[in-house]
Structures are given as C-alpha cells and as structure tokens.
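Summary of structural features
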Amino acid sequence: MNQCNYQTAEPENGWHGKLNLVYADRLGTTALIHNSHQAPLKVQRPFYPEGQQICHSVILHTAGGVVGGDRMTLNFHLQPNTQALITTAAASKIYRSNGTQAKQSVNIQVDAGACLEWFPQETIVFNGAIYRQDLRVELATKASYLGWEITRFGRSARGEKFVQGEWRNYTEIWQEGKPLWIDRQWLPGSEEVFYSPHGLAGQPITGSLVWVGSAVSAEIVEKARNLWKSSTPHSPLATSHSLAGVTRLENGFLCRYRGCSTSEVRNWFIDVWQLLRMSFLNCDKCVPRVWQI
C-alpha cells in the first residue's frame, strides 16, 4: 500500500526534508508501493510514458531552494526486477550561506534484476554557498545504475562566479560489499581555483554521467566520444574551452564534462543515455515531460 506522511513545520536551524520511495514489481508493472515525505520534499504521482515496466517519478522541492543548515535525505529502494527513472521538477538552487553547511544525502538500494536511472536537473551553486552532497548506491547482483550530476558554479548568466564558499560531492557505488566507483570532489570558492586548469579553468559548469551494471566495450566508448564531437558544433554557447572525456570503469562507464553550456552537456548526456539504453536496457530514450517545459 502507498503510504504518504507529510510534515510542514520548518525547524529553527533549517529544513530537514526527507523522501523515502520504494518500488516493487506487481505483475510486470513497476509500482511505487511506499512514499513517505517530509517538507519541503515530495514526489508527484507516477508516470508510465513508455509502458508499465518503467515507472517515472518527479521530485519536487517546495521551498524553492536550499540554504545553510538545511538537510535533505532521499532514500530510493528498487525491489527485484523493477525499473524506475527519477528526476526533479526544476533546477536545484543552493543559496549563499550565513556560514553553516547545507547537506543532501541520497541513499539508493537496487535489488537483483532492477535498474535505476537517476537524472536530477541542474544544480546551481550560488557564490558563497557551503554545500555537500553524499550519494551512495548499493547494487545487488545483476542490478544496474545510470545517473548524472550537472552543476553550475555561480549564476553565470548574471556574471556571478563561485569565488566564495565551498562545494563537496562524494559518490560511492558498491556491489555486494565491493566498491565499484568512489569519487570525492572538493571545490573551495576562490578566484585561483575558479581559473586554475586543475579547478574550473574559468568554466562554470561541470557534469558527470556514470553507468554501472555491465562491462562496456571499447566500441561504445568510441561512440560516446563521437557523440560529443558531433554535438559540439551545434551548440551556440559551446567554446573551444569545453572539455569532455569518456572512461571505462570496472563493470561500467564514466563521462565527464567541463564547459560553459548546460544545454551542451545535457544534450551530450542525453545522447549517451540513449546509446546505453539501447545497448543494455533494450529501450529508447524517453525524455521526461518536465525537461521540456
């Protein structure tokens, strides 16, 4: 039975939002069987734009943004032989902090034969923000995970740069007690780091896409690189300073981006997503409706 608990009181030291989603196979349909949430997080009703096997869910953040002291905890559990695509209704905004850290924890459990596609929309880290995200994925045997993160440092459309504050992003993917990918990123806000070739190199946007679940051939890696080369000339905001890379992981695949255009990185990631879906999941891309608004 779908359970829904909703609390609205805001703690004095910031929001402590929680969202727990559990998916189960019900006669070939991936059903959202448990949904408990605490403000400002909630989830829309499930969508099935590509058939009953794949459940699409859209997460809402009703407060509009994250400030220092906020704590967001998201727990996703896919039971055996389910498939879900989870995204967010809008870009996440991490506001300037008064000195306290904002934190988001994402805990994902994917059981045998299940697959989660986790595609949050862009995260905008305002200058002066202090933010940390911890994402941990636990995979059973024959489970798979495909996810991305796209981060904009500073409201670059307004000329803002991320030269104050701090950003941390820790990602861990495990399978049966074995680490498959551990990624720890730290970006202190400063002019030096913003322009350093070992930092942002003057480019405000970074992105990572990771697939874990099946070994990836050299041919697919080359196809992903060619998708980047073919898509770049069509982006009016692309510059020669945009960089992208593709790497094979143990039982997986990683794409990285550093540049200045959200549409550039997202279009490339969507193309790679379609390539991986066709190669490993036997289905085409199905762009969530909220991305097209």
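Residues numbered from 1 in each chain as written. Predicted model: local features only at pLDDT ≥ 70, side-chain atom pairs only at ≥ 80, totals over all residues. Heavy atoms only, no water.

Counting its secondary structure elements, the protein contains three helices and 17 strands. Over its C-alpha trace the protein gives a radius of gyration of 19 Å, about what one expects of a compact globule, namely 19 Å for 293 residues. Referenced to the eigenvectors of the C-alpha coordinate spread, the extents of the protein come out at roughly 55 × 55 × 40 Å. Counting all 293 residues of the protein, 53% fall into the buried class. Considering only residue pairs separated by 6 or more positions, the protein has 73% of its internal contacts joining residues 24 or more positions apart. Accessible area for the protein stands at about 13300 Å²; split by element, carbon and sulfur atoms hold 50% of it. (Helix = DSSP H or I, 4+ residues; strand = E, 2+ residues; numbered from the N terminus. Rg over C-alpha atoms; globule rule 2.2 N^0.38 Å. Buried < 20%, exposed > 50% of the residue type's maximum accessible area, 1.4 Å probe, protein only. Contact = heavy atoms within 4.5 Å. Areas by Shrake-Rupley, 256 points an atom, 1.4 Å probe, with all protein chains shown as cover.)

Before going further, it helps to spend a moment on unusual backbone geometry. Of note, the bond from alanine 39 into proline 40 is cis; its omega dihedral lies within 30 degrees of zero at 10°. Summarising the element assignment, proline 40 is placed in the loop between β2 (29-38) and β3 (41-43). You will see that glutamate 176, though not glycine, has its phi angle at about 50°, which is positive. For glutamate 176, the position within the fold is in the loop between β13 (166-175) and β14 (178-188). Residues other than glycine seldom take positive phi values, yet asparagine 251 does so here, at roughly 65°. Following the sequence through the fold, asparagine 251 ends up in the loop between β16 (243-249) and β17 (252-259).

Strand order across the open sheet formed by seven strands is β2-β1-β5-β8-β11-β13-β14, with mixed pairing between neighbours. Edge strands, defined here as strands with exactly one partner in the open sheet, are β2 and β14. On average, each strand axis in the sheet is tilted by 10° relative to the strand beside it, whichever way the strands run. Judged from the ten bridges that link them, strand β11 (residues 130-139) and β13 form a sheet pairing that is parallel. Residue pairing across strands places aspartate 134 opposite tyrosine 170, the latter belonging to β13. (Pairing = 2+ DSSP bridges. Axes fitted to C-alpha atoms, helices over the stretch in contact; angles between N-to-C directions.)

Bringing the side chain of glutamine 104 into the picture now. Of note, glutamine 104 is situated in strand β8 (residues 102-110). Those residues within four positions of glutamine 104 in sequence are excluded, and the remaining contacts are Met72, Leu74, Tyr131, Arg132, Gln133 and Asp134.

For the rest of this paragraph, the subject is the side chain of glutamate 160. On the secondary structure map, glutamate 160 appears in the loop between β12 (144-153) and β13. Only 3.1 Å separates the side chain of glutamate 160 from the backbone nitrogen of asparagine 127, close enough to count as a polar contact. Aside from chain neighbours lying at most four places away, what touches glutamate 160 is Phe126, Asn127, Phe153, Gly154 and Arg155. (Polar contact = N/O pair within 3.5 Å; in protein donor to acceptor, adjacent residues only side chain to side chain.)

Buried residues of helix α3 (residues 262-281): Thr262, Glu264, Val265, Trp268, Phe269, Ile270, Val272, Trp273, Leu275, Leu276, Arg277 and Leu281, and no others. Positioned one or two residues after α3, asparagine 282 has a phi angle of 60°, which is positive.

On strand β5 (residues 71-78), burial follows the alternation: Met72, Leu74, Phe76 and Leu78 on one face are buried, whereas Arg71, Thr73, Asn75 and His77 on the facing-out side are not. Pairing between strand β1 (residues 16-26) and β5: eight bridges, direction parallel. Considered in β5, the bridge of leucine 19 is made with leucine 74. Pairing geometry for β5 and β8, over eight bridges, is parallel. Bridge pairing in β8 links leucine 78 to valine 110.

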